[in-house]
Every structure is written in structure tokens, then in C-alpha cells.
Amino acid sequence: MFKQRVVFVHGAGSFGAAAWPRQHGMALAYDALFLRRHGFDPVAEPVESSFAEDAAIVLRSLADDGRGAAGGHVVAHSQGAISAMMAAVERPDLVFSLTLVEPACLSLTAELPATAAHRTLMQPLFDVRHQLGDEDFQREFVRRVFSAGPHQPSTPEEKRSARRLRLQSPPWEAPLHIVPGVPTLVLTGGWEPLYEEIAGYLRETGALHRIAAGGHRPQDSAEGDRAIRSFIGEVSRGQASRAS
């Protein structure tokens, strides 16, 4: 039985299937791929992030790799939403739908107040990130974004995670300035004006916006998971009815 592909693109923290614990079961109904963005590897040393490389990874995952059809649905979280949207802008024919969870698409809303305030807060830290140690950068990043003290990295994986965070490019530098014309759901946690501002911008361009519990990870809540599955199922049924 043929299954439509669903590609999951993680943010700046956990990656691969570990970033989507609530969505593992979607593999029963879909050909689910849990991607690793550029520089995210369980063993290799992290490298500088690349919006272009990430978008290329998304597009390769949507190719006809012997399954008999190209294209699929893309679900992306936080910084992963940037490459998902870039891929959809470049090849809208391959992206059946976009689900953007707390999307860090700050280049779209650069002139709006919450985005401008966030950049004013974070730009000085990113300006010196190559002069800071991994743990120093992580500590200051978490303090500025979440107003909390971070867990001190102790294991090799935690230390690699701290380095990956430091090597992420600022999201407002992404070459993303237009919105792709594909069915889009924006899912936010309702906790942070920055993401609600981005969601509002995307809603004005035609996206559907839903709020679910879970803070920066609403996909981990039952309500958020249900919103993702319902949206993709609705788009899939619409495609099937038009094809019949």
C-alpha cells in the first residue's frame, strides 16, 4: 500500500526521531522521515549551520527515491521551519503542505516589534559567538531567551549540543523573504510574543494558526499532536478527492 511521505525537520535541540516523540506513530499511516539537519550528528563534531544545506536536505528527502512518487508533507520546528519554507519556495510542487511549529522565521517579520526587540537582545551575543566558549554561549543564550539558568553540560553529547547551539546562524539572517503558496498550518504554544507575531504574519498570508499547550514544544502535547495529524490528514483527503 502506497503511503504519502511526511518529513520532520527538527530545531536547535534534539534531532532525528528524538525530536518528535509524539509523532512516531504517524509512521503507521505515512512514510515518515525524521531528518537530521546539517551539522547534527550523534558522533561527529558539530559544524557551522547552513540554511542552504538544510533546505537541500529537505528537498532530497522529497525526491522520488524509488517509492514511485515525489513530494510529501513537511513538518518543521523552530529553526527547522526556515529550511522547510525555503524548500517550499524553491519547489512548491514537492511540498504538499507545511506544518510550522513555533517557526523561527524572523527574516519575514524583521520590521515588526517583537522580532525587532528579540534581535536587539540577541544580536550582541551572536556577534561574539566565535569568541565565546560553547558553555558560555549556551548559558547566556538560555538566560536571554528563557530567563533561566541552563543545565551544565557534562556528557559528550551535552557538550556537542552546546557547540551546535553556538554554531547556529542567527535566524534573522536567513534568505527567506517570501511565503510559499502551499497549504500551511502554524502551531504555537501561546507563551512568547515573538512566535505569535510570526504566526500572525503567516496567518495574514493565508496560513491556518492553532495554539496548543507545551510552551516552545506544542507538538509534544496531545492537542498539538492532534492538530498536526488532523491538518495533514485533511490536506491528504483533499488531494485524493481532486485526483478521483
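Once a new chain begins, its residue numbering starts again from 1 and follows that chain's sequence as written. In view of the model being predicted, local features appear only for residues whose pLDDT reaches at least 70, and side-chain atom pairs are presented and counted only at 80 or more, with totals across whole chains, interfaces and linings using the full set of residues. With hydrogens and water excluded, all non-hydrogen atoms of the structure serve as input to the side-chain values.

Engineer: Account for the overall build of the protein chain, naming residues and giving values.
Structural biologist: A run of H or I in DSSP becomes a helix once it reaches four residues, and a run of E becomes a strand once it reaches two; helices and strands are each numbered from the N terminus. Of regular secondary structure, the protein chain possesses 7 helices and 6 strands. Tracing the protein chain from N to C terminus, the helices and strands come up as β-β-α-β-α-β-α-α-α-β-α-β-α. C-alpha atoms define the radius of gyration in this analysis, and the globule rule sets the expected value at 2.2 Å times the number of residues to the power 0.38. Its C-alpha atoms give the protein chain a radius of gyration of 18 Å, near enough to 18 Å, the size a compact globule of 244 residues would have. In terms of its C-alpha atoms, the protein chain occupies a principal-axis envelope of roughly 60 × 40 × 30 Å. Only protein chains enter the accessibility calculation, which uses a 1.4 Å probe. A residue is then buried if its area is under 20% of the maximum for its type, exposed if over 50%, and partly exposed in between. In the protein chain, buried positions account for 52% of the 244 residues. Areas reported as accessible are Shrake-Rupley estimates using a 1.4 Å probe. Residue values count occlusion only from the protein chains shown. Roughly 11,000 Å² of accessible area belongs to the protein chain as shown, and the carbon and sulfur atoms make up 56% of that amount.

Engineer: I'd like a description of the packing of aromatic side chains, backed by residues and values.
Structural biologist: Aromatic pairs are defined between Phe, Tyr and Trp rings, using the six-membered ring for Trp, whenever the two ring centres lie within 6.5 Å; interplanar angles under 30 degrees are classed as stacked, those over 60 as edge-to-face, and all others as tilted. According to the stated counting rule, one finds 9 aromatic pairs in the structure shown. An angle of 65 degrees between the planes, with centres 5.7 Å apart, marks the rings of F15 and F40 as edge-to-face. Separated by 25 residues along the polypeptide, F15 in the loop between β1 (5–9) and β2 (31–34) and F40 in the loop between β2 and α1 (51–61) bring together distant segments of the chain. The same class applies to F15 and to F40, which are both buried. Measuring from centroid to centroid gives 5.4 Å for F126 and W172, while their planes differ by 85 degrees, and the two rings are edge-to-face. Remark: W172 occurs in the loop between α5 (156–167) and β5 (184–188) and F126 occurs in helix α3 (residues 113–127); sequence separation between them is 46 residues.

Engineer: Describe in detail the pattern of salt bridges, supporting the description with residues and values.
Structural biologist: The salt bridge criterion pairs a side-chain nitrogen of Lys or Arg with a carboxyl oxygen of Asp or Glu, the two atoms within 4 Å. For the structure shown, the criterion picks out 17 salt bridges. Among the ionic pairs, D54 bridges to R37, the shortest N-O distance being 3.0 Å. With a gap of 17 residues between them, D54 in helix α1 and R37 in the loop between β2 and α1 connect regions that are remote in the sequence. We note that D54, like R37, is buried. D134 is the salt-bridge partner of R163, the closest N and O atoms lying 2.8 Å from each other. With R163 in helix α5 and D134 in helix α4 (residues 134–146), this pair connects stretches of sequence that are 29 residues apart.

Engineer: I'd like a rundown of the packing of α4 against α5, residues and numbers included.
Structural biologist: Angles shown run from 0 to 180 degrees and are taken between the N-to-C directions of axes, each axis being a line fitted to C-alpha atoms and, for helices, limited to the stretch in contact. Running from amino to carboxyl end, α4 crosses α5 at an angle of 70 degrees, the nearest separation of the two axes being 8 Å. If you check the angle between α4 and α5, you find them roughly perpendicular. Pair α4 / α5 crosses with left-handed handedness. Residue-level contacts link D134, E135, F137, Q138 and F141 of α4 to K159, A162, R163, L165 and R166 of α5. Split by residue class, the contact of α4 with α5 holds 4 nonpolar, 1 polar and 5 charged. Angles below 35 degrees are treated as roughly parallel, those above 145 as roughly antiparallel, those between 65 and 115 as roughly perpendicular, and all remaining angles as oblique. Crossing handedness is defined as follows: a turn of the near helix away from the far one that is anticlockwise and smaller than a right angle gives a left-handed crossing, while the clockwise case is right-handed. We call two residues in contact when some of their heavy atoms are within 4.5 Å. Think of it as three bins: nonpolar holds Ala, Val, Leu, Ile, Met, Phe, Trp, Tyr, Cys and Pro, charged holds Asp, Glu, Lys and Arg, and polar takes everything else, Gly as well.

Engineer: I'd like a rundown of α3, residues and numbers included.
Structural biologist: Side chains three or four residues apart in an α-helix point the same way, a direct result of the helix having 3.6 residues per turn. Expected span of a helix, by definition, is 1.5 Å for each gap between consecutive residues, and there is one gap fewer than residues. Across its 15 residues, α3 extends 21 Å between first and last C-alpha, which sits within 8% of the 21 Å expected from 1.5 Å per residue. Fitting axes to the seven residues ending at a residue and to the seven starting there, one defines the bend at that residue as the angle between these axes. Of all the bends in α3, the greatest, near 35 degrees, is centred on L121, and the proline P124 appears no more than four residues after it. Within the sequence span of α3, burial applies to T115, H118, M122, Q123, L125 and F126. On the buried face of α3, the contacting elements are α4 and α6 (193–204).

Engineer: Any details on the nonpolar core? Residues and values, ideally.
Structural biologist: Counting residues in hydrophobic clusters, the biggest one holds 43 residues, and the most contacted among them are V74, M85, L98, L100, C105 and L202. Those elements that provide at least two residues to this core are β1, α1, β3 (72–77), α2 (80–90), β4 (95–101), α3, α4 and α6. Per-element accounting of this core gives the leading share, 7 residues, to α2. Discounting residues that sit within four places of it in the chain, V74 has contacts with V7, V9, V58, L62, A84, V95, S97, L98 and T99. Think of a nonpolar core as a cluster: buried Ala, Val, Leu, Ile, Met, Phe, Trp, Tyr and Cys residues, connected wherever their side-chain atoms sit within 4.5 Å. One finds V6, F8, A212 and I232 within the second-largest nonpolar core, a separate group that totals 14 residues.

Engineer: Give me the lowdown on the side chain of H209, citing residues and values where you can.
Structural biologist: On the secondary structure map, H209 appears in strand β6 (residues 208–211). Within the structure, the side chain of H209 is placed 2.8 Å from the side chain of T188, a separation counted as a polar contact. Reaching out from H209, the side chain makes a polar contact with the side chain of R203 at a distance of 3.1 Å. Leave out the neighbours within four places in its chain, and H209 touches V186, T188, E196, A199 and R203. Nitrogen and oxygen atoms within 3.5 Å of one another constitute a polar contact, given that in protein one can donate a hydrogen and the other can accept it, and given that sequence-neighbouring residues count only through two side-chain atoms.

Engineer: Give me the lowdown on α2, citing residues and values where you can.
Structural biologist: Summarising burial for α2: 9 of the 11 residues are buried, a large majority. Taken together, the buried positions of α2 are occupied by G80, A81, I82, S83, A84, M85, M86, A87 and A88. Those residues of α2 hidden inside the fold are in contact with β1, α1, β3, β4 and α6.

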